[in-house]
Amino acid sequence: VHNLDARFEYFPSMTEVIALSLYTKRFRSPITSISDRQGAVQYLNADSAELYGAELELQFEFDRFGAEGLLFSTNVSLTRSSLERPCPDENADGDCDFQFTNRRSRLGGQAPWMVNSSFGYAEPNGVWSAFAYYNVIGPRIENFGTNGLPDSLLEPSHELDLTASYRFHEDWKVKLSFENLALARDRETQGGLSVAEDFEGLEIGASLSWSPRIDRD
């Protein structure tokens, strides 16, 4: 792998950041997966691939507006990639008996865009906090199609989580978490048709932690 990165950072305060990253990568013999009409999956190495993109990162506090403890952060990525698919089965004439539907595409598993964000409140004295987290990943190739079969895609799913914590004693803290509040489903499609779906449901968790302070005097 050959990669080149450039990053610009600006810190409005000790706890805030604005950052922009640009990157490019070149791969030799990346691993790819292909599927046939029977659903069998085979792994093989492509000759080469390339990727380039940009990433924006923000971490912002609302103290300057009189809302102490209110926090927001986000990370947005845009990526483009290309892959020349290999021939795993050449015949005696040097032609490929195993035909990809598309000989050139983006990298498998590489989403063209992604967004991660959080918004919440942390009480300045550290007594309690509550945060919401949002995540979505753009469509990405799960398996490369062959012999007229289109590529299978993992479709975007919008995930929303929530956490809240309360320190009711100097050494004790209780925490609640709610995962997948949007009831998102992982869905794989092929040619616009749904071929697989996974639903993990809503997950609720609770924890109690004890962190005693040790005097070293």
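Use the structure listed above.
Now for a description of the structure that goes with this document.

Cut-offs used in this document
Residues numbered from 1 in each chain as written. Predicted model: local features only at pLDDT ≥ 70, side-chain atom pairs only at ≥ 80, totals over all residues. Heavy atoms only, no water. Helix = DSSP H or I, 4+ residues; strand = E, 2+ residues; numbered from the N terminus. Contact = heavy atoms within 4.5 Å. Areas by Shrake-Rupley, 256 points an atom, 1.4 Å probe, with all protein chains shown as cover. Core = buried A, V, L, I, M, F, W, Y, C linked by side-chain atoms within 4.5 Å. Buried < 20%, exposed > 50% of the residue type's maximum accessible area, 1.4 Å probe, protein only. Patch = residues over 30% accessible without salt bridge, like charges linked within 9 Å, V, L, I, M, F, W, Y side chains within 5 Å. Salt bridge = Lys/Arg side-chain N within 4 Å of Asp/Glu carboxyl O. Lys, Arg positive; Asp, Glu negative; His and termini not counted. Charge placed at Lys NZ, Arg CZ, Asp CG, Glu CD.

1. Quick notes on the overall build of the protein
- Across its full length, the protein carries zero helices and 16 strands.
- Nonlocal contacts in the protein, meaning residues at least 24 apart in sequence, comprise 55% of its contacts between residues at least 6 apart.
- Counting only carbon and sulfur atoms, one obtains 53% of the accessible surface of the protein, whose full area is about 14,000 Å².

2. Things to note about the nonpolar core
- Counting nine residues, the largest nonpolar core consists of Tyr-23, Ala-46, Ala-49, Leu-51, Leu-83, Phe-100, Leu-107, Ile-141 and Phe-144.
- The contact partners of Ala-49, leaving out residues within four places of it in the chain, are Lys-25, Arg-26, Phe-27, Pro-30, Ser-82, Leu-83 and Leu-107.

3. Some words on unusual backbone geometry
- For Asn-180, which is not glycine, the phi torsion reads 65° and is therefore positive.
- Note on placement: Asn-180 falls in the loop between strand 13 (172-179) and strand 14 (186-190).
- The residue Leu-183 is not glycine, and still its phi comes out positive at about 55°.
- Structurally, Leu-183 can be placed in the loop between strand 13 and strand 14.
- For Leu-183, a relative accessible area of 45% corresponds to the partly exposed category.

4. A word on a negative patch on the surface
- Judged by side-chain charge, Glu-159, Glu-179, Asp-186, Asp-198, Glu-200 and Glu-203 come together as a negatively charged surface patch.
- Note on placement: Glu-200 falls in the loop between strand 15 (193-198) and strand 16 (203-210).
- Residue Glu-200 is classed as exposed on the basis of its relative accessible area, which comes to 67%.

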